[in-house]
Amino acid sequence: MSEFDDFIDGFYPYRKQSINYRRIPDEPRDRAEVLAEIKAMARAEDSMGDEGRVSGSLYSGDHEHYGYLGEVFAQFSHANVLQRDMYPSATKFEAEIVAMVLDLVNGDANACGVVTSGGSESLITALYTYREAARERGVTKPNVVWPITAHVALDKGAHWMGIEVRHAPLTEAYTADVGAMADLIDDQTIALVGSAGDYGHGLIDPIEEIAALAAERGIGMHVDGCLGGLLWPWAEALGYDIPLWDFRVPGVTSISADTHKYGYALKGTSALLYRDKDLRRHQYFTYPDWPGGLYLSPGLAGSRSGGLIASTWAAMVTTGRSGYLSAARGIFETATTIREGIEAIDGLQVIGDPKFLVAFMADRDDLDIYLVNDALKKAGWRMNALQLPAALHFCVTRPNTRPGVAEAFLEDLQSAVDYAAANAGTPAESGAMYGFGGTPQGNQTINMLMSGVLDAMHEVAPE
Ligand SMILES: Cc1ncc(COP(=O)(O)O)c(C=O)c1O
């Protein structure tokens with residue numbers, strides 16, 4: 001078998017085990033048989049995450065919880081939340097999700113929000129809101145300023161909307177350099193963004209300073225709390241030293257917090273919150289002249305499933321404050337064990353001052369962190385590989401808090417570092433593309449390859 005066949009089998013593992021459909025089957029397939037096929041896929045694909053060997057991605061890991069949410073989802077899976085006359089429960093669920101998240105991030109009586117399909121939609125919608133608000137004050141060539149670590153969905157949104165992005169560097173603490181951000185602002189700047197915490201390193205940017213800068217310049221500030229927003233309130237309650245990052249900070253005008261991450265809801269929801277209703281108005285679309293009728297829509301989506309909103313609401317009220325607190329306790333304790341263990345390994349350096357997501361890199365040139373990742377992969381761990389600088393991160397979620405997981409990880413990490421040291425100079429299998437970018441030609445080639453991967457993701461498996 002050629003390497004190419006191996007690659008294709010890895011990318012399309014079901015191509016020889018099940019029918020590869022290119023048209024709808026003439027006759028309906030047996031439901032039980034189809035369900036059994038899907039269950040087998042789900043069980044196989046979930047197994048690594050269920051063992052707690054995956055960084056991030058799966059936040060609850062409790063299959064009883066998922067099963068229950070699935071049951072709730074089924075009640076309204078078919079319902080379209082646009083049709084509020086038929087499904088007024090959607091108003092209850094959506095408004096209460098927003099209220100419960102607002103309560104956690106200290107929104108006052110004027111604060112408000114919407115539920116979106118996920119972090120990316122929340123971030124892109126916030127950008128749209130600020131662009132529309134700025135248009136009213138005559139901004140025609142909008143730009144935004146954020147640190148290089150802000151989530152890339154923001155760059156995607158800016159790209160889609162023709163907004164110029166001005167990336168600010170980081171300080172030695174790996175958080176936003178606010179002085180550099182100040183230098184990038186001009187009269188066409190529509191908003192500033194900071195993360196709490198950022199995807200790569202899990203760190204909180206100096207939100208108070210960025211917000212003060214935004215207020216001084218008369219522009220808005222969005223805090224991306226998609227990842228950490230539903231964890232920090234519990235960290236504070238548990239006595240961890242967490243800088244202010246939410247609506248208690250004057251100048252913070254919007255916040256995103258993903259219910260489908262540490263809210264333990266099913267995938268497909270996030271909360272986008274605003275300090276006041278006037279700002280939210282800018283994301284609304286209303287069109288009274290359409291032959292199809294008066295059209296009003298709060299955001300990007302048209303039809304949306306009532307199932308997701310109902311199940312997100314159910315996830316929150318059945319987890320309860322005590323449930324969130326005890327989950328967070330386990331997450332912070334496990335992350336502390338992992339952080340301290342990494343700090344004790346010769347050759348590794350923890351990035352910044354992390355609380356739940358621990359990013360680490362090699363502290364010397366002859367240790368390739370991607371070789372470390374290769375060895376971790378072989379040992380059955382799935383880390384997230386970062387670049388600029390080369391690093392890995394372990395985003396701790398509930399499945400990782402299972403007894404023994406952190407200790408097993410640290411043992412395998414030490415062996416992985418030994419492997420990398422013994423194999424110095426060998427090209428790593430993971431992150432092998434790294435180092436190729438950074439030049440216009442290199443980036444162009446990488447873009448082409450990455451677009452090819454996206455094409456492949458939309459192809460039926462080859463015979
Ligand atoms: C800080 C941060 N913002 C935004 C996102 C994007 O969220 P989503 O994948 O739900 O679109 C992520 C995803 O991990 C994130 O970590």
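All residue numbers here refer to positions counted from 1 along the written sequence of the relevant chain. The predicted origin of the model limits local features to residues at a pLDDT of at least 70 and limits the giving and counting of side-chain atom pairs to 80 or more, whereas totals for whole chains, interfaces and linings rest on all residues. Side-chain calculation: all heavy atoms of the structure are included, whereas hydrogens and water are not.

Here we come to the overall build of the protein. Broken down by element type, the protein carries 14 helices and 13 strands. Both definitions apply: the radius of gyration is a C-alpha atom measure, and the globule rule equals 2.2 Å times residues to the power 0.38. Against the 2.2 N^0.38 benchmark of 23 Å for 463 residues, the protein shows a C-alpha radius of gyration of 23 Å, consistent with a compact globule. In terms of overall dimensions, the protein has C-alpha extents of about 65 × 65 × 50 Å along its principal axes. Exposure is judged per residue with a 1.4 Å probe applied to protein chains only, and the accessible area is read against the type maximum: over 50% gives exposed, under 20% gives buried, and values in between give partly exposed. When each of the 463 residues of the protein is scored for burial, the buried share is 48%. For the protein, the share of sequence-separated contacts (at least 6 apart) that also reach a separation of at least 24 residues comes to 70%. Accessible surface for the protein amounts to roughly 22,900 Å². Of this, 55% is attributable to carbon and sulfur atoms. Charged side chains of the protein number 36 positive and 62 negative; the gap between the two group centres comes to 6 Å. Labels follow the DSSP assignment, with helices taken as runs of H or I lasting at least four residues and strands as runs of E lasting at least two, numbered in each case from the N terminus. Residue contacts are counted whenever heavy atoms from the two residues lie within 4.5 Å of one another. To measure how exposed things are, a 1.4 Å probe is used in the Shrake-Rupley method; for residues, cover is taken only from the protein chains shown. Only four residue types enter the tally: Lys and Arg on the positive side, Asp and Glu on the negative side, with His and both chain ends excluded. A charge is said to be at NZ when it belongs to Lys, at CZ for Arg, at CG for Asp and at CD for Glu.

On to the site of the ligand, then. For this purpose, a residue is taken to be near a molecule or strand whenever a single non-hydrogen atom of the residue falls within 4 Å of it. Not every one of the 13 residues close to the ligand is listed here, only the nearest: Gly119, Ser120, Asp224, His260 and Lys261. With respect to the ligand, the side chain of serine 120 contributes an N or O atom lying 2.6 Å from an oxygen atom. Measuring from an oxygen atom of the ligand, one finds a side-chain N or O atom of aspartate 258 at 3.5 Å. Here the ligand, which alone exposes 390 Å², has 83% of that area covered by the protein. Per element, the largest residue contribution to the shell around the ligand is three residues, and it comes from helix α5 (residues 119-136). Side-chain classes are defined by residue name, with Ala, Val, Leu, Ile, Met, Phe, Trp, Tyr, Cys and Pro counting as nonpolar, Asp, Glu, Lys and Arg as charged, and the others, Gly among them, as polar. A per-class count over the shell around the ligand returns four nonpolar, six polar and three charged. Polar contacts, as counted here, are pairs of nitrogen or oxygen atoms within 3.5 Å of one another; within protein the pair requires one atom able to donate a hydrogen and one able to accept it, and residues that are adjacent in sequence qualify only if both atoms are side-chain atoms.

Attention now moves to the packing of aromatic side chains. Within 6.5 Å between ring centres, the rings of Phe, Tyr and Trp (the latter by its six-membered ring) count as paired, and their orientation is classed by plane angle as stacked under 30 degrees, edge-to-face over 60, tilted in between. As enumerated under the stated definition, the model contains 18 aromatic pairs in all. Aromatic pair tyrosine 262 and tyrosine 264: ring centres 6.5 Å apart, planes at 80°, arrangement edge-to-face. For the pair formed by tyrosine 262 and tyrosine 264, the shared burial category is buried. Judged by centre distance (6.5 Å) and plane angle (55°), the ring pair of tryptophan 381 and phenylalanine 394 falls under tilted. Within this pair, whereas tryptophan 381 is found in the loop between α12 (369-378) and β12 (384-386), its partner phenylalanine 394 is found in strand β13 (residues 391-395), the two being separated by 13 residues in sequence. A network of ring pairs unites the aromatic residues Tyr59, Trp232, Trp234, Tyr262, Tyr264, Tyr324 and Phe356 as a single cluster.

There is a patch of nonpolar side chains on the surface, built from Phe285, Tyr287 and Trp290 and spanning about 340 Å² of accessible area. Residue placement: tryptophan 290 occurs in the loop between β8 (285-287) and β9 (295-297). In this structure tryptophan 290 comes out as partly exposed when scored by relative accessible area, which is 47%. What goes into a patch is any residue over 30% in relative accessible area without a salt bridge, connected to like charges within 9 Å or, for nonpolar side chains (Val, Leu, Ile, Met, Phe, Trp, Tyr), within 5 Å. Salt bridges are counted wherever a side-chain nitrogen of Lys or Arg sits within 4 Å of a carboxyl oxygen of Asp or Glu.

A few words on the sheet that holds strand β11 (residues 357-362). Backbone-to-backbone hydrogen bonds join strands into a sheet, with any given pair of strands oriented parallel or antiparallel. Strands are labelled as partners when DSSP assigns at least two bridges between them. Overall, antiparallel pairing links the four strands, which are arranged β10-β11-β13-β12 in an open sheet. At either end of the open sheet lies a strand with only one pairing partner, and these are β10 (348-350) and β12. When strand polarity is set aside, the average angle formed by the axes of neighbouring strands in this sheet is 30°. Bridge count for β10 against β11 is three bridges, and the pairing is antiparallel. Within the sheet, the bridge partner assigned to glutamine 349 lies in β11 and is methionine 361. Sitting on the sheet, α12 touches β10, β11, β12 and β13, and the angle it makes with β13 is about 45°. Helix axes are fitted only over the stretch in contact, all axes being lines through C-alpha atoms; the angle between N-to-C directions runs from 0 to 180 degrees.

With an omega of -5°, the peptide bond between alanine 196 and glycine 197 qualifies as cis. Its place among the elements puts glycine 197 in the loop between β4 (189-195) and α8 (207-217). Even without glycine at this site, tyrosine 264 takes up a positive phi of about 60°. Its location among the elements puts tyrosine 264 in the loop between β6 (254-257) and β7 (270-274). Note on tyrosine 264: relative accessible area 2%, which makes it buried. Of note in this structure, leucine 388 is not a glycine but carries a positive phi near 55°. Relative to the helices and strands, leucine 388 resides in the loop between β12 and β13.

Our next topic: the domain arrangement of the protein. For each domain, the first and last residues come from an automatic or database assignment. Examined at the domain level, the protein breaks down into domain 1 (79-304) and domain 2 (321-422). The gap between the C-alpha centroids of domain 1 and domain 2 is 29 Å. Contact residues are listed per partner, giving 24 residues for domain 1 and 27 residues for domain 2. Joining two parts hides part of their accessible area as seen by a 1.4 Å probe, and the buried area is that hidden amount summed over both. The contact between domain 1 and domain 2 buries some 2,100 Å² in all, and 73% of this surface belongs to carbon and sulfur atoms. Of all residues in domain 1, Trp234, Tyr262 and Tyr264 bury the most surface against domain 2, accounting for 27% of the area lost on that side. Connecting domain 1 to domain 2 are one salt bridge. Between arginine 321 and aspartate 103 there is a salt bridge whose closest N-O contact spans 3.5 Å. Our enumeration of links across domain 1 and domain 2 arrives at six residue pairs in polar contact (both at pLDDT 80 or more). The leading source of residues in the side of domain 1 that touches domain 2 is helix α9 (residues 232-237), at four residues. By residue class, the composition of the side of domain 1 that touches domain 2 is 16 nonpolar, five polar and three charged.

Moving on, we come to the environment of proline 399. If you trace the backbone, proline 399 turns up in the loop between β13 and α13 (405-422). Through-space distance from the C-alpha of proline 399 to that of glycine 330 is 9.9 Å; in sequence the pair is 69 residues apart. Excluding anything up to four places from it in sequence, proline 399 contacts Gly49, Gly52, Leu58, Tyr59, Ser60, Gly61 and Val405.

On to the sheet that holds β6, then. With respect to topology, seven strands assemble into an open sheet ordered β1-β7-β6-β5-β4-β2-β3, the strand pairing being mixed. Every interior strand has two partners, whereas the edge strands, β1 (112-116) and β3 (164-168), have only one. Within this sheet the neighbouring strands show an average axis-to-axis angle of 20°, counted without direction. When strand β5 (residues 220-224) meets β6, the two strands line up parallel, connected through three bridges. Its bridge partner lying in β6, valine 223 is registered against isoleucine 255.

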